[in-house]
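# Inside the fold
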Amino acid sequence: MHIDQFADDIKKLRPKYEKIYIPKRGGGTRDIFIPDKKTLIIQKAILRDIETIAEFPPCVMAFRKGTSILDNAKAHLGNPYMIRYDIMNFFDTIGKDKVKDELKRRNVDASLTKIILKWCFGGGHLPQGAPTSPFLANLVCTNLDKRFSAIAQILGATYTRYADDIIISGGKEIVKYRTIFRRIIRTEKFTINYYKTRVTVLDSHTTRQDYSAEWFRNNHIVTGLAVAGDSVSVREAYLNELWRKIRDGEDNPSTRGKISFVNFITPNEGAKMYRRLK
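These numbers were taken from a predicted model, which means no experiment stands behind them.

Bringing the side chain of N193 into the picture now. Its place among the elements puts N193 in the loop between α8 (178-187) and β6 (198-201). Given the relative accessible area of 14%, N193 is considered buried. When neighbours within four sequence positions are excluded, N193 is seen to be in contact with D86 and M88.

Here is the structure:
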């Protein structure tokens, strides 16, 4: 389906959403906008017509076919130092002006831009729940990704971004660039969630006094997965809780879904869990 097929509806109607609230793991709620049937159809048609205007680089790990949180974590294997930034209210801070500027930079037709600005927004920002939002969010982050990638290349470091989760890993020298990294995020008009900012070090010669309070010694955590040495694994606390459920005989869709996730990340551990459950 292409947007030309819905020309009358696009002109006469406006997008409609059902707003729901999803609890966040750390507390509070996340607003999710569920498009109605007609809005969803039109948004999918728009996405089909615009997804060829950009091919995102390998550092972009979210919302790309063939990539997953496991790929994101594996990219950082073997690096002793890691800095993780979280962009606060990522989708909520991407308004029409940011998208319009990026579409203009890519010479997108004015009439198509007008359709995108009308049909791909809710409450003045990219709505989580719309199929077009992930693509447009990645589009808006083009310059941010270029700037981080350029510095990473100079330092021989690794940079990836999974939606609002920015990861830079490499040698000790990356820590000296924290001010520059923060400045990039701010000048790209995003806000850092300092509560989730982390500098992790796997170097046994480093002491806590070497860095500020944002530093701690641990496995590197990349999009929820533990990265250490030459392996990626599910966090120990997650595994322990899941094993408890299995030992207690909690055989239900939730438990099996979590085992499936573990099996995807570490097949050997997942196979043990499946055998125990049976």
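What follows deals with the packing of helix α10 (residues 253-265) against helix α11 (residues 267-277). One can describe the packing of α10 onto α11 by two numbers: an axis separation of 6 Å at closest approach and a directional angle of 150°. Viewed along their axes, α10 and α11 adopt a mutual orientation that is roughly antiparallel. Between α10, through R256, I259, S260, V262, N263 and I265, and α11, the contact on the second element is made entirely by P267, E269, G270, A271, M273, Y274 and L277. Class assignment for the residues of the contact of α10 with α11 results in 8 nonpolar, 3 polar and 2 charged.

Judged by pairing direction, the sheet is antiparallel, and its 3 strands sit side by side in the order β8-β9-β10 without closing on themselves. Two strands lie at the open edges of the sheet, namely β8 (220-222) and β10 (231-234), each paired on one side alone. Put simply, the sheet's adjacent strands are angled 35° from each other on average, direction ignored. Judged from the 3 bridges that link them, β8 and strand β9 (residues 225-228) form a sheet pairing that is antiparallel. The residue bridging V222 from the neighbouring strand is L225, located in β9.

What counts, and where the lines are drawn
Each residue is numbered by its place in its chain's sequence as written, counting from 1. Totals for whole chains, interfaces and linings use every residue, but because this is a predicted model, local features are given only for residues with pLDDT of at least 70 and side-chain atom pairs only at 80 or more, for both listing and counting. To get the side-chain values, take all heavy atoms of the structure and skip hydrogens and water. Only DSSP runs of H or I with at least four residues qualify as helices, and only runs of E with at least two residues qualify as strands; both kinds are numbered from the N terminus onward. To sort residues, take the accessible area from a 1.4 Å probe on protein chains only and compare it with the maximum for the residue type: under 20% means buried, over 50% means exposed, and anything in between is partly exposed. When checking whether two residues touch, look at their non-hydrogen atoms; a contact exists if any pair is within 4.5 Å. To get an axis, fit a line to the C-alpha atoms, keeping to the stretch in contact for a helix; angles then go from 0 to 180 degrees between the N-to-C directions. Relative orientations are named as follows: roughly parallel for angles under 35 degrees, roughly antiparallel for angles over 145 degrees, roughly perpendicular for angles from 65 to 115 degrees, and oblique for any other angle. Just so you know the grouping, Ala, Val, Leu, Ile, Met, Phe, Trp, Tyr, Cys and Pro go in nonpolar, Asp, Glu, Lys and Arg go in charged, and all remaining residues, Gly too, go in polar. Being paired, for any two strands, means DSSP has found at least two bridges between them.

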